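# Examination of the molecular architecture
Below, each chain spelled out in residue letters.
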Amino acid sequence: MRQINQPTYHHGNLRRAIIDAALEAIGESGPAGWSLRELARRAGVSHAAPAHHFGDKSGLLTAVAAEGFEMFADVLERTADDILEAGVAYIRFAIDHRPYFEVMFRPELYRTDDPGVRSARERAFHVLVTGAGTISPNPEQDRLTTIAAWSLAHGFADLWMSGALPESAHDDPEIVARSLVRLVFGTAR
């Protein structure tokens, strides 16, 4: 019997390769415009590998959301003592990590009860709630202030990334965001 010498393919970190392929696909066609089979092809792995590691597309997007919220929480925690900077960090994260951002705030795409997602999301929102409390006119309005600050940062990031703002073609989003937050919330600086 003749032995065939074929090099075996070993993928160092299959899970990471599939997540990276998903992020690339999300960046190109959004969170819904691809299949697990396509990701396997992109990652150079068997068509069964994504399902083996994540179960289904929702499982993969849950992993993306959990990783995104972890990164997001880390970024926000570095600015926790300054709500203006937290807002700018929010916007910068959205722009710099768009594929994550496109999944994180679409809870219909992933398992919101996943412990990794829930823990990281709570860390991030804690920074936003605490920061908004510092600019709230009184404790009874803390929740509304949090929603207003979050809406401002999220809406601005969305408008910027979509190109709906003429400034997004040539201005620095951080400079525009700082001016906007100062205007809306009257913060000094």
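Since this is a predicted model, take the numbers as computed values, not measurements.

Parameters and conventions
Residues numbered from 1 in each chain as written. Predicted model: local features only at pLDDT ≥ 70, side-chain atom pairs only at ≥ 80, totals over all residues. Heavy atoms only, no water. Phe/Tyr/Trp six-rings, centres within 6.5 Å; stacked < 30°, edge-to-face > 60°. Helix = DSSP H or I, 4+ residues; strand = E, 2+ residues; numbered from the N terminus. Buried < 20%, exposed > 50% of the residue type's maximum accessible area, 1.4 Å probe, protein only. Axes fitted to C-alpha atoms, helices over the stretch in contact; angles between N-to-C directions. Parallel < 35°, antiparallel > 145°, perpendicular 65-115°, else oblique. Contact = heavy atoms within 4.5 Å. Nonpolar A, V, L, I, M, F, W, Y, C, P; charged D, E, K, R; others polar. Left-handed = near helix turned anticlockwise from the far one by under 90°. pLDDT = per-residue confidence, 0-100. Core = buried A, V, L, I, M, F, W, Y, C linked by side-chain atoms within 4.5 Å. Expected span 1.5 Å × (residues − 1).

Next up on the list: the packing of aromatic side chains. Under the defined criterion, the tally for this structure stands at 12 aromatic pairs. Residues Y90 and F101 carry aromatic rings whose centres are separated by 6.0 Å and whose planes lie at 85° to one another, so their mutual orientation is edge-to-face. With a gap of 11 residues between them, Y90 in helix α5 (residues 83-96) and F101 in helix α6 (residues 98-104) connect regions that are remote in the sequence. Of the two residues examined, Y90 and F101, each falls in the buried class.

Another aspect to go through is the packing of helix α1 (residues 14-29) against helix α4 (residues 57-77). For any two helices packed against each other, the geometry comes down to the angle between their axes and how far apart the axes lie. Running from amino to carboxyl end, α1 crosses α4 at an angle of 85°, the nearest separation of the two axes being 10 Å. The angle between the axes of α1 and α4 places the two elements in the roughly perpendicular class. In this structure, α1 contributes R15, R16, I18, I19, A22, L23 and I26 to the contact, and α4 contributes L60, L61, A63, V64 and E67. Its residues assigned to classes, the contact of α1 with α4 comprises 9 nonpolar, no polar and 3 charged.

Turning our attention to the packing of α4 against α5. Relative orientation of the contacting elements α4 and α5 amounts to 150°, with a least axis distance of 9 Å. Helix-helix and strand crossings are classified by hand; for α4 and α5 the assignment is right-handed. Contact residues: G68, M71, F72, V75 and L76 in α4; A86, A89, Y90 and F93 in α5.

Turning next to the confidence of the model for the protein. Note: predicted coordinates in regions of low pLDDT should not be interpreted at a detailed level. Taken over all residues, the pLDDT of the protein has a mean of 89, while the share at 70 or more is 92%. Within the protein, α6 carries the highest mean pLDDT (98), whereas helix α9 (residues 173-185) carries the lowest (88).

Attention now moves to the environment of V129. Relative to the helices and strands, V129 resides in helix α7 (residues 115-133). By relative accessible area, which is 44% here, V129 ends up partly exposed. The sequence separation of V129 and D142 amounts to 13 residues, and the corresponding C-alpha distance is 7.8 Å.

Let us look at the side chain of T79. Along the chain, T79 turns up in the loop between α4 and α5. Ignoring anything within four residues of it in the chain, the contact list for T79 reads E85, A86 and A89.

In a soluble, globular protein the nonpolar side chains are often hidden away together inside. Core analysis: the biggest nonpolar cluster contains 51 residues, and W34, L60 and F72 have the highest contact counts within it. Elements with a minimum of two residues in this core: α1, α2 (36-43), α3 (49-54), α4, α5, α6, α7 and α8 (142-162). Per-element accounting of this core gives the leading share, 11 residues, to α4. Not counting residues up to four positions away in its chain, the partners in contact with F72 are Y90, F93, M104, F105 and A124.

What follows is about α1. With 16 residues, α1 extends 22 Å between its outermost C-alpha atoms, agreeing within 8% with the 22 Å of an ideal straight helix rising 1.5 Å per residue. All of the buried residues along α1 are A17, I18, I19, A21, A22, L23, A25 and I26. Residues of α1 that are buried sit in contact with α2, α3, α4 and α6. A positive backbone phi angle near 85° is found at G30, which sits one or two residues after α1.

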